[in-house]
Amino acid sequence: MLFNSIPFALFFSLFFLSYWVLFDKHLTLQNLLILAGSYLFYAWWDPRFLLLLFGSSLLNYFLGLAIHRSGKEKTRNFLLGVGLVQGLGCLAFFKYFNFFIQSFISAFSALRIRSDITTLNIILPLGISFYTFRTLSYLLDIKRRKIEPTRDWIVFLSYVSFFPCIISGPIDRPETLIPQLEKRRVFNYGQASDGMRQILWGLFKKIIIADNCAVFTSGTFDHYTALPASALLAGIFLYTIQIYADFSGYSDMAIGLSSLLGFKITRNFNFPFFAQNIADFWRRWHISLTSWLTDYVFTPLAIYFRDYGKAGLIAAILINFTAIGIWHGPNLTFVLFGFLHGCYYIPLILRGEMNKKEKMRKDRLLPTPAAFGKMAGTFTLVMFTFVIFRADTLSQAFSYYGSLFSPSLFSRFAITEKVNTLVTLACIVLMLLAEWFQRDKQHALQIDFITQFPFRALIYFGLILIILFFSPTINADFIYFKF
Amino acid sequence: MKNKFGLFLYKILIFAMPVFALFEILFRLGFTPVITNSTLFDFKMSEVQKHPIHNPRILAIGSSITLYELNSATMVKNFGGSYYNFASWDLQIGDMRVLLNEFVKEYEPKYVLVCSSIADFISPRNESYLNYLNTNRYIRNHFPEFFYFKGYNSIHQIIRRKYKAYRADFDPWGGASLTIQPKDINLDKWNEHDIFPTKYTKGQYDDLDSLGAWLKQQHVEFIFAQAPIKASYTNTLLSKQIIESHFDKCKSIVEAHGGVYLNYCNTTIFTDSLFFDQYHLQAAGGAILTNEIVTALKGIIK
């Protein structure tokens, strides 16, 4: 049930009407509806893993209460340990087991030792990385006495499985979502309208930009050995745009859907292509994951290594970004992707500019040439790492790089879907321009400054028509579903 | 709150209604939705919706061979108007199996006639037919506009399909005899020699077996006519052996389930001048073939 599919449209329409018309006055019933809807949404893909989600949520609910009630630090640590072992253990088993086994087999065979270890046919439960991080932050925050546990099991189970965010985030923290679940929601016209606009913007980015780019990029990555370097360069440029439009489009839809239900959830992207250095980029890209790892991995590590000065900071950053890479999946490509981004931080740390925030003046129509240069530079650095991110293996990534730097960089290449390609390029420009002019807003379609409704309606209809006219043949899955 | 909620729903309707209206207008203008990845199948189904068929006694199905080579006029003249040809380009035996599962239930024919050649045994099943078959029959027949949203395709593609895709001109019984002047015959197509068997051939034999068994279960008589192949296709001993073994296989499968097996691979009657490529007969050839089939079926079809 993709957000941009008929079954989801039907599901959500019924859900939305029941939520506001039938259960409007009953908080518990509203939360029960969220829980039932979330479990139905999750089971639509694979009902087998519903039990894992339910069991894991229930265990963490009781662990949260027990940690809070316990006076002894030792017991609290033990209970937290149980939660961490359960969460990280499930993650390790479902996501990384085969990777570790295959790595052992490769290591043994390199040492000419015969190994009879077999891998298992393990299916990755959807959204496991996202909901595990939610339960972990819940327990860690209770342990740190940052929050109190919720006594209402419906609220907690709804927090873990909240359907707009369960598959691909944003990873909401307990202090953001749980209080909202505990409080009666009242239909807010302004919030709901804004939610609809954000959904429309998300659909535009996903269907028109990401899915159309996917037609070109999948062809490029599948046949890169036979294509000229110019096509490969276009491929990585479009893949960088695609992954942003795909993931931020999904996040926009998730946030918009939550707004329709009266929730304000964590922002996940803040126009990352306008970042002026790599630190700025990661403050704007997949914000909920970056801030999660900053709080629970980077900060403790930075404190631990504080006696080592800048070297300690570099070590903390490298570990943190390698963790970001590994979070994406059991593949050395992701490890290298994360590590490389960590390395990009080193010049900033050495210059003491890691936390320096580049301010973009809101009143400027265009960026200054210096700022534009920094943006383009950051984009290029990031773009080249997405070759590793997209490749199936490291050798494929290096082979792609090898093919990229050849004299055919200036030769022409064939485009099959000419109309859609032209429209996509125009829409990329439109997206970047809209986001630039709306950079101080939550999303590009917050156009309340246009006071006349007919003018706003014209823009909405324009986007709807572009979506209806130029969507590609295949609606691709969201890239982050596999994480 | 109720007023605001009502206003919100009202505004949603304001935006949704023009979208539905747009698709309805497209439908009325003949820009039919993309249902499967076969332009001809979609077109034929849309014709069937516009001019409903009333339980044909003889239901013909197959690929382009059945489409081009079964002369509708001859069939109708000899067996009455209770006949319809559901053939569409590139249908494989496996596709016929899944489509007949639905068509037999819907139209309750007494006889199913397949006019086949080796081209029906070389590719995998086309899964896109399931988009049609897995849709409720009532919705499919009365609200085909539903397909605009199910498996959504852009308006740009719908327009392009209408103007750019080649389609056959059906007669009222779904057939489409074709005459190509010798000067217009594509030489590449004329000299083509499809590789046979392929890795999908075994699966297609299994589907033929399953089709025969299922039709018998449904008390529908299965008639399988082997269509002629151009003489030059079997110009080596090996290709002759391959073709003969294919005929034997089909015959044994069809007859094992009580079906009627007919073979018209006769290069004396069907000379090269009657073809326009390796398997397809010109309209004149199709008329001869249909006459042969009709003669053979006179004792079978009552």
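Procedures and definitions
- Think of each chain on its own: its residues are numbered from 1, step by step along the sequence as written.
- Chains and ligands are labelled by the order in which they are written, letters from A for the one and numbers from 1 for the other.
- Predicted model: local features are reported for residues with pLDDT of at least 70 only, side-chain atom pairs are reported and counted for 80 or more only, and whole-chain, interface and lining totals are derived from all residues.
- Here the side-chain values reflect all heavy atoms present in the structure, with hydrogen atoms and water set aside.
- Put simply, DSSP marks the helices as runs of H or I at least four residues long and the strands as runs of E at least two long, and each gets a number from the N terminus on.
- Within these notes, the globule rule equals 2.2 Å times the number of residues to the 0.38 power, and the radius of gyration is based on C-alpha atoms.
- Each residue's exposure class comes from its accessible area (1.4 Å probe, protein chains only) as a fraction of the maximum for that residue type: buried when under 20%, exposed when over 50%, partly exposed otherwise.
- Each accessible area is a Shrake-Rupley estimate made with a 1.4 Å probe; only the visible protein chains count as cover when residues are assessed.
- Working rule for contacts: check all heavy atoms of both residues, and any pair within 4.5 Å makes them a contact.
- Neither His nor the chain ends contribute to the count of charged residues, in which Lys and Arg are positive and Asp and Glu negative.
- A charged residue contributes its charge at one atom only: NZ of Lys, CZ of Arg, CG of Asp or CD of Glu.
- In this description, buried area is defined as the sum, over both parts, of the accessible area (probe of 1.4 Å) that is lost when the two are combined.
- N or O atoms closer than or at 3.5 Å make up a polar contact, with two conditions inside protein: a donor-capable atom paired with an acceptor-capable one, and, for residues adjacent in sequence, both atoms drawn from side chains.
- Any residue that is not Ala, Val, Leu, Ile, Met, Phe, Trp, Tyr, Cys, Pro, Asp, Glu, Lys or Arg is counted as polar, Gly included; the first ten are nonpolar and the last four charged.
- Angular values range over 0 to 180 degrees, each being the angle between N-to-C directions of two axes fitted as lines to C-alpha atoms, with helices fitted over their stretch in contact.
- Roughly parallel here means an angle under 35 degrees, roughly antiparallel means over 145, roughly perpendicular means 65 to 115, and every remaining angle is called oblique.
- It is the rotation of the near helix from the far one that decides the hand of a crossing: anticlockwise by less than a right angle makes it left-handed, clockwise makes it right-handed.
- Note: two strands are recorded as paired if DSSP finds a minimum of 2 bridges between them.
- Each reported salt bridge corresponds to a side-chain nitrogen of Lys or Arg within 4 Å of a carboxyl oxygen of Asp or Glu.
- Each Phe, Tyr or Trp ring, with Trp reduced to its six-membered ring, pairs with another whose centre is within 6.5 Å; inter-plane angles below 30 degrees give stacked pairs, above 60 give edge-to-face pairs, and intermediate values give tilted ones.
- For a lysine, the NZ atom is tested; for an arginine, the CZ atom; a charge sits over a ring if that atom is within 6 Å of the ring centre and within 35 degrees of the ring normal.

**Q** Kindly report on the overall build of chain A, identifying the contributing residues and their values.
**A** Within chain A one finds 17 helices and zero strands. Computed over C-alpha atoms, the radius of gyration of chain A comes to 23 Å, within 12% of the 23 Å expected from 2.2 N^0.38 for 483 residues, which places it in the range of a compact globule. Dimensions of chain A along its principal axes, counting C-alpha atoms only, are 70 × 70 × 45 Å. Scored against the burial criterion, the 483 residues of chain A give a buried share of 54%. Entry remark: accessible area of chain A is about 21,300 Å², with carbon and sulfur atoms responsible for 68%.

**Q** Residue-level account of the overall build of chain B, with values.
**A** Helix and strand counts for chain B stand at 13 helices and five strands. Based on the C-alpha atoms only, the size of chain B along its principal axes is roughly 80 × 45 × 40 Å. The long-range share in chain B, meaning contacts at least 24 apart out of those at least 6 apart in sequence, stands at 82%. Carbon together with sulfur atoms contributes 57% to the accessible area of chain B, which is approximately 14,000 Å² in total. Of the charged side chains in chain B, 31 are positive and 28 negative; the average position of the first set lies 8 Å away from that of the second.

**Q** Please give an account of the environment of Pro179(A) that cites residues and values.
**A** By secondary structure assignment, the location of Pro179(A) is in helix 7 (residues 174-182). Taking the C-alpha atoms as reference points, Pro179(A) and Ala397(A), 218 residues apart in sequence, are found 45 Å from one another.

**Q** Give a detailed account of the interface of chain A and chain B, specifying residues and quantitative values.
**A** Tallying the contact residues gives 29 residues for chain A and 25 residues for chain B. Of all residues in chain A, Tyr189(A), Leu468(A) and Phe469(A) bury the most surface against chain B, accounting for 28% of the area lost on that side. At the junction of chain A and chain B, the tally comes to six residue pairs in polar contact (both at pLDDT 80 or more). Of all the elements in the fold, those that place two or more residues in the side of chain A that touches chain B are helix 1 (6-22), helix 8 (189-222), helix 16 (418-437) and helix 17 (453-470) of chain A. Counting residues per element, the side of chain A that touches chain B draws most heavily on helix 17 of chain A, which supplies ten residues. A breakdown of the residues in the side of chain A that touches chain B according to their chemical character gives 23 nonpolar, four polar and two charged.

**Q** Summarise the packing of helix 8 of chain A against helix 9 (residues 229-260) of chain A; cite the residues concerned and give the values.
**A** All names here are of chain A. It is the contact of helix 8 with helix 9, at a shortest axis distance of 6 Å, that shows an interaxial angle of 155°. The orientation of helix 8 with respect to helix 9, classified from their angle, is roughly antiparallel. As helix 8 packs across helix 9, the resulting crossing turns out to be left-handed. Split into classes, the residues belonging to the contact of helix 8 with helix 9 amount to 24 nonpolar, twelve polar and four charged.

**Q** How would you summarise the sheet that holds strand 1 (residues 58-61) of chain B if you had to cite specific residues and measurements?
**A** Residue and element names in this part refer to chain B. The five strands are arranged 2-1-3-4-5 in an open sheet whose pairing can be described as parallel. Only two strands of the sheet have a single partner each, and these edge strands are strand 2 (83-85) and strand 5 (260-263). Neighbour-to-neighbour, the strand axes of this sheet turn through a mean angle of 15°, independent of strand direction. The strands touched by helix 4 (residues 72-79) are strand 1, strand 2 and strand 3 (111-116); relative to strand 2, the strand with the most contacts, the crossing angle is about 160°.

**Q** So, the pattern of salt bridges: which residues are in play, and what are the values?
**A** Tallying each qualifying case throughout the model produces 25 salt bridges over all chains. A salt bridge links Arg48(A) to Asp46(A), with the shortest nitrogen-to-oxygen separation between them at 2.7 Å. Residue Arg48(A) is classed as exposed on the basis of its relative accessible area of 53%. Judged by relative accessible area, Asp46(A) falls into the buried class, the value being 17%. Taking the shortest distance from any N to any O, the salt bridge between Glu353(A) and Arg351(A) comes out at 3.2 Å. For Glu353(A), a relative accessible area of 24% corresponds to the partly exposed category. Since its relative accessible area comes to 53%, Arg351(A) is described here as exposed. Members of the salt-bridge network, linked through shared partners, are Glu102(B), Glu106(B), Arg137(B) and Arg140(B).

**Q** Quick one: what's the story with the environment of Gly212(B), residue by residue and with numbers?
**A** All names here are of chain B. Tracing the sequence through the fold places Gly212 in helix 11 (residues 201-217). Distance from Gly212 to Gly259, taken between C-alpha atoms, is 7.0 Å for residues 47 residues apart in sequence. When near neighbours in sequence (up to four residues on either side) are disregarded, Gly212 contacts Phe222 and His257.

**Q** Tell me about the packing of aromatic side chains, residues and numbers included.
**A** Scanning the model with the defined rule gives 90 aromatic pairs over all chains in all. On the basis of an interplanar angle of 90° and a centroid distance of 5.3 Å, the ring pair of Phe41(A) and Trp45(A) is categorised as edge-to-face. Here the residue Phe41(A) and the residue Trp45(A) both occupy positions in helix 2 (residues 27-45), the gap between them amounting to four residues, near one helical turn. We classify Trp45(A) as partly exposed; its relative accessible area is 29%. Ring centres of Tyr138(A) and Phe156(A) lie 4.4 Å apart, and the angle between their planes is 45°; on these two criteria the pair is classed as tilted. Pair noted here: Tyr138(A) is in helix 5 (residues 128-143) and Phe156(A) is in helix 6 (residues 153-161), with a separation of 18 residues, a long-range link. In this structure, Lys4(B) packs its charged tip against the face of Tyr189(A), placed 5.2 Å from the ring centre. A cation over an aromatic ring shows up here: Lys162(B) above the ring of Phe31(B), its NZ or CZ 5.3 Å from the ring centre.

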